[in-house]
Amino acid sequence: MTPSAEIARIRLNPHSRAVQRDLRDTTEMHRTLMRMIPDNLGDTPRHDTGFLFRIDEDDKTSTVLVQATVPLDHAGLPTGYGDVRIKQLKPMFAALRPGLGVRYRIALNPVKRERLPLEQRNKRGKIVPLSGAEADQWWARRAGEAGLHLTSTVSTPLRPVRPHGRNAPPIRHSLIRYDGTATITDPVALTQALLQGIGRGKPYGAGLLSLAPATTT
């Protein structure tokens, strides 16, 4: 059975005070965007609905992608937040097949757990962000596990994200955006990665993988 999910593309209104606030504080953006899914979904609505988002910015515009396995409704967004277009992803899932070439984009929080000396083997090392070649290798490995063979990749470091709020943990999330082309090797694994997201930092705009058909010349 082909899974179902929806994705919303929100072209943000730069004059909106809510947008300005949310672009400064990703915790606030996550809270705002969660208004697009139904209420009363239990204690873990983000996880249970596969809720993911990503901020795409260029010199002129800021766009947010929001994805979930439940219907998305923009009525809960602040007035004048942006232009919203919602589409069903079921046709994309149905089209996935081995050997298909695709273009991809994803923002990630590549990390590893610090190795501790043997005398501290009963403790867990802290999470360490990766950069440069280590981060690229991390993405290539995770892409392979997600059913993609990368054929090209370009990395773009993004602004680090730090949770805000009185009780927020003092953790700095280093995000990297990857764009490129790939070939599908495992549609089942890829479908799961698309629905669940990849890596850590999902509440801060990481993990949403988007695909488009590869262009041919």
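Residues numbered from 1 in each chain as written. Predicted model: local features only at pLDDT ≥ 70, side-chain atom pairs only at ≥ 80, totals over all residues. Heavy atoms only, no water.

Asks: Would you mind going over the nonpolar core with me for this structure?
Replies: Among the nonpolar cores identified, the biggest contains 31 residues, and Trp139 and Leu209 are the most heavily contacted of them. Those elements giving two or more residues to this core turn out to be strand E5 (101–108), helix H5 (132–145), strand E8 (148–157), strand E9 (176–184), helix H6 (187–196) and strand E10 (209–213). Those residues in contact with Trp139 that lie beyond four places of it in its chain are Tyr104, Ile106, Leu108, Leu150, Thr153, Tyr178, Ile198 and Leu209. Counting residues in each nonpolar core, the second largest holds 20 residues, with Leu12, Met29, Phe53 and Val66 among its members. (Core = buried A, V, L, I, M, F, W, Y, C linked by side-chain atoms within 4.5 Å. Buried < 20%, exposed > 50% of the residue type's maximum accessible area, 1.4 Å probe, protein only. Helix = DSSP H or I, 4+ residues; strand = E, 2+ residues; numbered from the N terminus. Contact = heavy atoms within 4.5 Å.)

Asks: Explain H5 here, please?
Replies: Because an α-helix completes one turn every 3.6 residues, residues spaced three or four positions apart along the sequence face the same direction. Between its terminal C-alpha atoms H5 stretches 20 Å, which fits the 20 Å expected from 14 residues at 1.5 Å a residue. Among the residues of H5, Ala135, Trp138, Trp139 and Ala143 are the ones counted as buried. Looking straight down H5, one finds that the buried residues subtend no more than 130° of arc, so they occupy a single side. H5 presents Ala133, Gln137 and Glu145 as exposed residues on the side facing more than 90 degrees away from its buried surface. Looking at the buried positions of H5, the neighbouring elements they touch are E5, strand E6 (111–113), E8, E9 and E10. One or two positions beyond H5, positive phi appears at Gly147, with a value near 85°. (Expected span 1.5 Å × (residues − 1). Arc of directions from axis to C-beta.)

Asks: Please explain the packing of aromatic side chains as it appears in this structure.
Replies: Ring pairs (aromatic) are described by centroid distance and by the angle formed between their planes. Scanning the model with the defined rule gives 2 aromatic pairs in all. An angle of 55° between the planes, with centres 5.6 Å apart, marks the rings of Tyr104 and Trp139 as tilted. In this pair, Tyr104 sits in strand E5 while Trp139 sits in helix H5, placing the two residues 35 residues apart along the sequence. Taken as a pair, Tyr104 and Trp139 share a single burial class, namely buried. Between Trp139 and Tyr178, the aromatic rings sit 6.0 Å apart at their centres with planes inclined by 25°, giving stacked as the arrangement. Of the two residues, Trp139 is situated in helix H5 and Tyr178 in strand E9; the sequence distance between them amounts to 39 residues. (Phe/Tyr/Trp six-rings, centres within 6.5 Å; stacked < 30°, edge-to-face > 60°.)

Asks: I tried to follow the side chain of Lys202 on my own but got confused; where do I start?
Replies: Within the secondary structure, Lys202 is located in the loop between H6 and E10. For Lys202, the side chain forms a polar contact with the main-chain oxygen of Gly199, separated by 2.5 Å. Filtering out sequence-adjacent residues up to four positions away, Lys202 remains in contact with Arg46, Leu52, Phe53, Gln196 and Gly197. (Polar contact = N/O pair within 3.5 Å; in protein donor to acceptor, adjacent residues only side chain to side chain.)

Asks: When you look at the sheet that holds E8 in this model, what are you seeing that I'm missing?
Replies: Adjacent strands of a sheet form backbone hydrogen bonds with each other and so pair up, either parallel or antiparallel. Pairing is antiparallel in the open sheet, where 4 strands are placed in the order E8-E9-E5-E10. Each of the sheet's edge strands pairs with one partner strand only, and the pair in question is E8 and E10. Each neighbouring strand pair of the sheet contributes to a mean axis angle of 20°, computed without reference to strand direction. Where E8 and E9 come together, 9 bridges link them in antiparallel fashion. When the bridges of E9 are listed, Thr153 appears paired with Gly180. Packing against the sheet, H5 makes contact with E5, E8, E9 and E10, and its axis sits at approximately 145° to E8. (Pairing = 2+ DSSP bridges. Axes fitted to C-alpha atoms, helices over the stretch in contact; angles between N-to-C directions.)

Asks: Which parts of the structure should I look at to understand the pattern of salt bridges?
Replies: Should their charged atoms come close, side chains of opposite charge can pair. One pass over the structure, following the stated rule, counts 11 salt bridges. The shortest N-O distance in the salt bridge between Asp22 and Arg21 comes to 2.9 Å. With relative accessibility at 0%, the residue Asp22 sits in the buried group. Among the ionic pairs, Arg31 bridges to Glu28, the shortest N-O distance being 2.9 Å. Of this pair, Arg31 and Glu28 both sit in helix H2 (residues 26–33), 3 residues apart, which is roughly one turn of that helix. Given a relative accessible area of 47%, Arg31 falls into the partly exposed group. (Salt bridge = Lys/Arg side-chain N within 4 Å of Asp/Glu carboxyl O.)

Asks: Can you help me understand helix H1 (residues 17–24) in this one?
Replies: Listed as buried for H1 are Ala18, Val19 and Asp22. Viewed along the axis of H1, the buried residues span an arc of 95°, placing them on a single side of the element. Exposed residues on H1 whose side chains face more than 90 degrees from its buried face are Arg17 and Arg24. Buried-residue contacts for H1 involve strand E1 (6–12) and H2. The opening residue of H1 is Ser16, an N-cap whose side-chain oxygen sits 3.3 Å from the backbone nitrogen of Ala18.

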